[in-house]
There are 2 protein chains.
Amino acid sequence: MYFDTAETLSREEIDNLQTVRLKSTVERAMRSPYYGEKLKGFNVDSITSVDDIRRLPLTTKQDLRDNYPYGLLTCSTDEIVRLHASSGTTGTPTVIFYTQNDLNTWANLMARSMHIAGVRAEHRFQNMAGYGLFTGGLGIHYGAERLGCLTIPSGAGNTKRQIKMIQDFDVDVLHIIPSYALYFAGALEAAGIDPATFTPSIALIGAEPHTEEVRRKIEEMLNLKAYNSYGLSEMNGPGVAFECVHQDGMHVWEDAFIVEILDPETLEPVKEGELGEVVMTTITREGMPIIRYRTKDLCRFIPGTCACGRAHRRLDRIAGRADDMMIIKGVNIYPMQIEQVLMGLPEVGENYQIVLEKEGFIDQIRVRVEIKEDFFEEDMRILKGLQKKIQTQLCNEILVTPRVDLVQSDSLPKSEGKAQRVVDQRSQED
Amino acid sequence: MYFDTAETLSREEIDNLQTVRLKSTVERAMRSPYYGEKLKGFNVDSITSVDDIRRLPLTTKQDLRDNYPYGLLTCSTDEIVRLHASSGTTGTPTVIFYTQNDLNTWANLMARSMHIAGVRAEHRFQNMAGYGLFTGGLGIHYGAERLGCLTIPSGAGNTKRQIKMIQDFDVDVLHIIPSYALYFAGALEAAGIDPATFTPSIALIGAEPHTEEVRRKIEEMLNLKAYNSYGLSEMNGPGVAFECVHQDGMHVWEDAFIVEILDPETLEPVKEGELGEVVMTTITREGMPIIRYRTKDLCRFIPGTCACGRAHRRLDRIAGRADDMMIIKGVNIYPMQIEQVLMGLPEVGENYQIVLEKEGFIDQIRVRVEIKEDFFEEDMRILKGLQKKIQTQLCNEILVTPRVDLVQSDSLPKSEGKAQRVVDQRSQED
Ligand SMILES: [Zn+2]
Ligand SMILES: [Zn+2]
């Protein structure tokens, strides 16, 4: 049932463990040049509850860059057995160092993560992710090995061989990134392989943010269950949060990480269940502990307890980047919120645009929405009704009443990505 | 001094250990469908010395293909935790299965191999080989980790980032394939980096057969010591034989492998120090033991004892493929032998050709040799003397007197690879 007794911890036990581990982490971190300076004079014994974490400073990616490569290291490099680094082809890379204990802890977290998604020792696991400096490949590889799976390190690409391996070895579990999974499903179809005869029953599809729709599509096309996950190299790599078989949010391993959801503007905690920036602290890492790391990822905790009974809180899907946040009438709004409302309406076409305007001194938000041809009526009263419906639903989500313009299909400029859909006209009107 | 006590075994102890392990290996192998059938009725207790290996059948790559994927497996796939496979884009691939013990044994052999070349726990090691199904990447990765190095899994390619990593982390040891090492040295030069300031002092450069000249070039251009090694996926991958700091042949880990050098035609052992086909038996492997595997690699044992004192015998550089063997007047001759003689002569140019002819019923060998312009004299007496010298030196090496034609530079057809330099005109003249 459980891979690790940590999965059975109650909320209270998690809180107590986090307090103890936060103290030892801060103590350890202070051995590094960066935190030694940053936390000079901080009294570790003043930490008496997890909430005391808010008295500690935040750490940004820029801090990691500024202190590259050894600034956050708490020990001699002789004790380090692995490093992973971001690509670094543009600008300074960031680097994470691991002791042997860190690798063991990471492998255990990863094995536990695969286990809650239903992966077992007797499964054959094909790791279709790139190995090397990227943490996804080796991270999941070591987890599968710890779990006892037969691991096929097939790596990225070479679709024909991937298919052959899956067929020849009756593979049960795939690790595959969502965008490649869609391509791969097409390649299977093109090869005339019926998904019903395709042996894998589980796909681990983290690494890239994706929608529920994409998940369902992957599940249908590959005839398996697809599980979402969350990880980032600053927090080891994969194995930070993983969906259990209920597929209802990703359990964060709170015995290894403290997660805060903060308002990216005020840096105060958001209300329970509200969207904000994910801020994480490692509490079991030796070589390079990181305190209150600003991930820039937007997410919310899913309230309530999971059907599986684990007390470890669940993150919702990543809803975008904190950098995309807009503040309108004092309210934080993310483009993703608007997209989610619009995509849930059958009348709405493929494109939309968010325009930020100024009316006197007051910021306003205008949403321009393409309506599908079938719904674009001549009758103004019907259009008016649709406009009102969209406005109400948006207001329910973003807590501000936007202006809504309905426009015909293909009339808005095409753009890629959420951020580019936002047009800020406020400074021009000053 | 030693990473593993197995390095201190005497010749007699190695022989005794090999006898014991050969017995257990045959016993274990007989659990597999393939060897169970092949060795039916074989009495394991009849093995009383290593020489009894000659009563066992040889195994070829075709046998592995014919019994793909599970024919040589001695246990349930539940006990298997890894597989590696040859590319298999053309025809049936071959596959090797590893239990957890097999992975541990492999990592230990690999760590020991790096250690005898001078690699130590405090070194920073950059693994510039492709990871994935290819055994070179993960094989050496696990060895470095076992040794306790700081391992940078940089993988293949991305030369700019490779250089940055080496500089940023003061890397001491590289794993790099010879052809890429030459390219990489050029890239360093182009980037204006002085090899004198380049930190790595050791390069592991196995994986591809290469000449002593290439090694010296790599050592000079990168300002380090380069160590040759031998491995093949059928025998785990890397970590089969490795050069010690004396760089005088590759010690085979004879506590893990039994090596025979056989005449590829008669399949009898060649005389001590003679060239023949390398035939190997795994004697510590659980999941998929392989008995008397015909590697098709041509090599010879280096006679005598290494200056390091280890009793484990040393393989010379791989001298080509057994398939290239020619039989002239009952003598086995390999194109590589002829090439080595010719390349040692300052008068000889870039190209040569080996022609096999028939004179009546007797096979003859003719070697056509391009002579550098500076040495191509008008004086026939001088040319005659050179011709005689080449003939004598070739005869000393191949034990047959060839006909030798001296020709001008650029007069022979250009060809790639040793095998293509051989023109067999015997059947045409029948
Ligand atoms: Zn759950
Ligand atoms: Zn030696």
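Everything here concerns the structure above.
Quick look at the structure, then. It should be emphasised that the depicted structure is a prediction, and the values quoted were computed from it without experimental measurement.

Between chain B and chain A, the contact holds 39 residues from the first and 39 residues from the second. Between chain B and chain A, a total of about 3400 Å² is buried, with carbon and sulfur atoms accounting for 60% of that surface. The interface formed by chain B and chain A contains 2 salt bridges. With a closest N to O distance of 3.4 Å, Glu145 of chain B and Arg82 of chain A form a salt bridge. The tally of links from chain B across to chain A stands at 19 residue pairs in polar contact (both at pLDDT 80 or more).

Let's shift gears to the relation of the copies chain B and chain A. Between the two copies, chain B and chain A, the superposition gives an RMSD of 0.1 Å; the rotation angle is 180° and the shift along the axis is 0.1 Å. Within this description, the copies of the chain are treated as partners about a two-fold rotation axis. If distances are taken from each C-alpha of chain B to the rotation axis, the shortest is found for Tyr131 of chain B, at 3.0 Å. Of the interface residues in chain B, 100% have counterparts in chain A that sit at the interface too, so the contact is made through matching surfaces.

Residues and elements named next belong to chain A. Taken in spatial order, the 4 strands line up as E20-E19-E18-E21 in an open sheet, and their pairing is mixed. Strand pairing shows two members of the sheet lacking a second neighbour, strand E20 (403-408) and strand E21 (422-424), which therefore form its edges. Along the sheet, successive strands turn relative to each other by an average axial angle of 20°, direction set aside. Where strand E18 (residues 348-359) meets E21, 3 bridges bridge the pair, whose relative direction is parallel. Across the sheet, Ile354 pairs through a bridge with Val422, a residue of E21. Running at roughly 140° to E18, helix H9 (residues 335-343) makes contact with E18, strand E19 (362-371) and E21 of the sheet. Helix H10 (residues 380-398) rests against E18, E19 and E20 of the sheet, and its axis sits at about 130° to E20.

Note on metal sites: the ideal angle is 109.5 degrees for four tetrahedral donors, and 90 or 180 degrees for six octahedral donors. Residue and element names in this part refer to chain A. The zinc ion (ligand 1) binds to the protein through Cys244 (SG), His251 (NE2), Cys306 (SG) and Cys308 (SG), with metal-donor distances spanning 2.1 to 2.3 Å. What the 4 donor atoms of the zinc ion (ligand 1) show is an angle range of 99 to 121° at the metal, which sorts the shape as tetrahedral. Of note, the zinc ion (ligand 1) draws all its donor residues from one chain, in the sequence arrangement C-x6-H-x54-C-x1-C. Of this pair, His251 sits in strand E10 (residues 250-252) while Cys306 sits in the loop between strand E14 (301-302) and strand E15 (314-315); the two residues are 55 residues apart in sequence, bridging distant segments of the chain. The burial state of His251 is the same as that of Cys306; both residues are buried.

Residues and elements named next belong to chain A. Strand E13 (residues 293-299) sits mainly inside the fold: 6 of its 7 residues count as buried. In this sheet, E13 lies alongside strand E12 (residues 276-282) in antiparallel orientation, the contact comprising 4 bridges. Paired with Gly276 across the bridge in E13 is Cys299.

All names here are of chain B. Distances from the zinc ion (ligand 2) to its protein donors, Cys244 (SG), His251 (NE2), Cys306 (SG) and Cys308 (SG), fall within 2.1 to 2.3 Å. Every donor counted, the 4 donor atoms about the zinc ion (ligand 2) form angles of 98 to 121° at the centre, which fits tetrahedral coordination. Along the chain, the residues donating to the zinc ion (ligand 2) fall in the pattern C-x6-H-x54-C-x1-C. For the residue pair Cys244 and His251, the accessibility class agrees, reading buried in each case.

What counts, and at which threshold
Residues numbered from 1 in each chain as written. Chains lettered and ligands numbered in written order. Predicted model: local features only at pLDDT ≥ 70, side-chain atom pairs only at ≥ 80, totals over all residues. Heavy atoms only, no water. Contact = heavy atoms within 4.5 Å. Buried area = accessible area lost by both parts, 1.4 Å probe. Salt bridge = Lys/Arg side-chain N within 4 Å of Asp/Glu carboxyl O. Polar contact = N/O pair within 3.5 Å; in protein donor to acceptor, adjacent residues only side chain to side chain. Least-squares fit on C-alpha atoms with pLDDT ≥ 70 in both. Pairing = 2+ DSSP bridges. Helix = DSSP H or I, 4+ residues; strand = E, 2+ residues; numbered from the N terminus. Axes fitted to C-alpha atoms, helices over the stretch in contact; angles between N-to-C directions. Donors = N, O, S within 2.8 Å, 3.2 Å for Na, K, Ca; no water. Tetrahedral: all angles 85-135°; square planar, octahedral: opposite > 155°, others 65-115°. Buried < 20%, exposed > 50% of the residue type's maximum accessible area, 1.4 Å probe, protein only.

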